Amino acid sequence: MGSLKRVESWPENLAEQIALAGPRAYVLGEHDCLRFSCACIEAVTGKDFWPQFAGYKNKVGAYRTIQSIAPTLKAAVSKVLDVEPQGVLSARRGDLMLFEDAGGEHLGICVGTHVAVLAPEKLHYLPLDHFGLLCSWRIG
């Protein structure tokens, strides 16, 4: 099992990534929940996981990319990060989160008592006790 280490400036880096994400237009494969989450993980650890997911332009392409790694988003993220998922309530700031709603599964970043999730409309902040949160991954 790999271990991710946080860089010294991770709190500032993470805050900057989240601030940059809000005003940008949502574009699948360029600025979506997966790309946003990879950018946040890179801000926290200095390691870029995006190249392992990059290349899709629509939902079908995203699903194909994920399934080329593992059967589910949860399994693909676990494999790429080499980190096992854990419970939602054990997440801390900077950890990756999996969220599900009527539109499917999404990734977000824990920002304390909330999770930042980039959706087509805007950047949402969900409380950690939201029923749609499924699991988290320890980042560093």
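**Quick notes on the overall build of the protein chain**
Within the protein chain one finds four helices and six strands. Taken against the 2.2 N^0.38 rule, which gives 14 Å for 140 residues, the C-alpha radius of gyration of the protein chain at 14 Å falls within 12% of a compact globule. For the C-alpha atoms alone, the extent of the protein chain along its principal axes is close to 35 × 35 × 30 Å. Long-range contacts, defined as pairs at least 24 residues apart, comprise 59% of the intrachain contacts of the protein chain with a sequence gap of at least 6. For the protein chain, the accessible surface area stands at approximately 7100 Å², while carbon and sulfur atoms represent 54% of it. For the protein chain, the separation between the mean place of its 14 positive charges and that of its 15 negative charges on side chains is 3 Å.

**Overview of the nonpolar core**
Ranked by size, the top nonpolar core spans 35 residues in total, and within it Phe36, Phe53, Leu81, Leu96, Leu107 and Trp137 carry the most contacts. Those elements that place two or more of their residues in this core are helix H1 (10-21), helix H2 (33-45), helix H3 (59-69), helix H4 (73-81), strand E2 (96-101), strand E3 (104-110), strand E4 (114-118) and strand E6 (133-137). When residues of this core are assigned to their parent elements, the largest contribution, six residues, is made by H2. Aside from chain neighbours lying at most four places away, what touches Leu96 is Ser37, Ile41, Val77, Leu81, Leu107, Gly108, Ile109, Cys135, Ser136, Trp137 and Ile139. Val88, Cys110, Val117 and Leu133 belong to the second-largest nonpolar core, a separate cluster that totals 10 residues.

**So, empty space enclosed by the protein**
For the coordinates displayed, the defined rule picks out one cavity of 30 Å³ or more. As a volume, the largest cavity reaches approximately 50 Å³. Around the largest cavity sit Leu34, Ser37, Cys38, Ile41, Phe49, Phe53, Val77, Val80, Leu81, Leu96 and Leu107, which together line it. Contributing elements (two or more residues each) for the lining of the largest cavity: H2 and H4. The element best represented in the lining of the largest cavity is H2, accounting for four residues. Considering only residue class, the lining of the largest cavity consists of 10 nonpolar, one polar and no charged.

**Focus on the side chain of Ser78**
Note that Ser78 resides in helix H4. A residue is classified by how much of its surface remains accessible, and Ser78, at 11% relative accessible area, is buried. Polar side-chain contacts of Ser78 include one of 2.9 Å to the backbone oxygen of Lys74. Setting aside residues up to four positions removed in sequence, Ser78 forms contacts with Val83, Pro85 and Trp137.

**Quick look at the sheet that holds E2**
The strand order across the open sheet formed by six strands is E1-E6-E2-E3-E4-E5, and the pairing between neighbours is antiparallel. Edge positions in the open sheet fall to strand E1 (85-86) and strand E5 (123-127), since each of these has one partner strand only. Note that E1 and E6 share two bridges and pair antiparallel. Following the sheet pairing, Pro85 is matched in E6 by Trp137. Relative to E3, H2 is tilted by about 25 degrees, and along the sheet it contacts E2, E3, E4 and E5. Sitting on the sheet, H4 is in contact with E1, E2, E3 and E6, with an inclination near 10 degrees to E6.

Calculation rules
Residues numbered from 1 in each chain as written. Predicted model: local features only at pLDDT ≥ 70, side-chain atom pairs only at ≥ 80, totals over all residues. Heavy atoms only, no water. Helix = DSSP H or I, 4+ residues; strand = E, 2+ residues; numbered from the N terminus. Rg over C-alpha atoms; globule rule 2.2 N^0.38 Å. Contact = heavy atoms within 4.5 Å. Areas by Shrake-Rupley, 256 points an atom, 1.4 Å probe, with all protein chains shown as cover. Lys, Arg positive; Asp, Glu negative; His and termini not counted. Charge placed at Lys NZ, Arg CZ, Asp CG, Glu CD. Core = buried A, V, L, I, M, F, W, Y, C linked by side-chain atoms within 4.5 Å. Buried < 20%, exposed > 50% of the residue type's maximum accessible area, 1.4 Å probe, protein only. 1 Å grid on protein atoms, 1.4 Å probe; cavity = no way out; pocket = protein on both sides within 12 Å on 5 of 7 lines; lining within 4 Å. Points joined across faces, edges and corners; volume = space filled by probe spheres on them. Nonpolar A, V, L, I, M, F, W, Y, C, P; charged D, E, K, R; others polar. Polar contact = N/O pair within 3.5 Å; in protein donor to acceptor, adjacent residues only side chain to side chain. Pairing = 2+ DSSP bridges. Axes fitted to C-alpha atoms, helices over the stretch in contact; angles between N-to-C directions.

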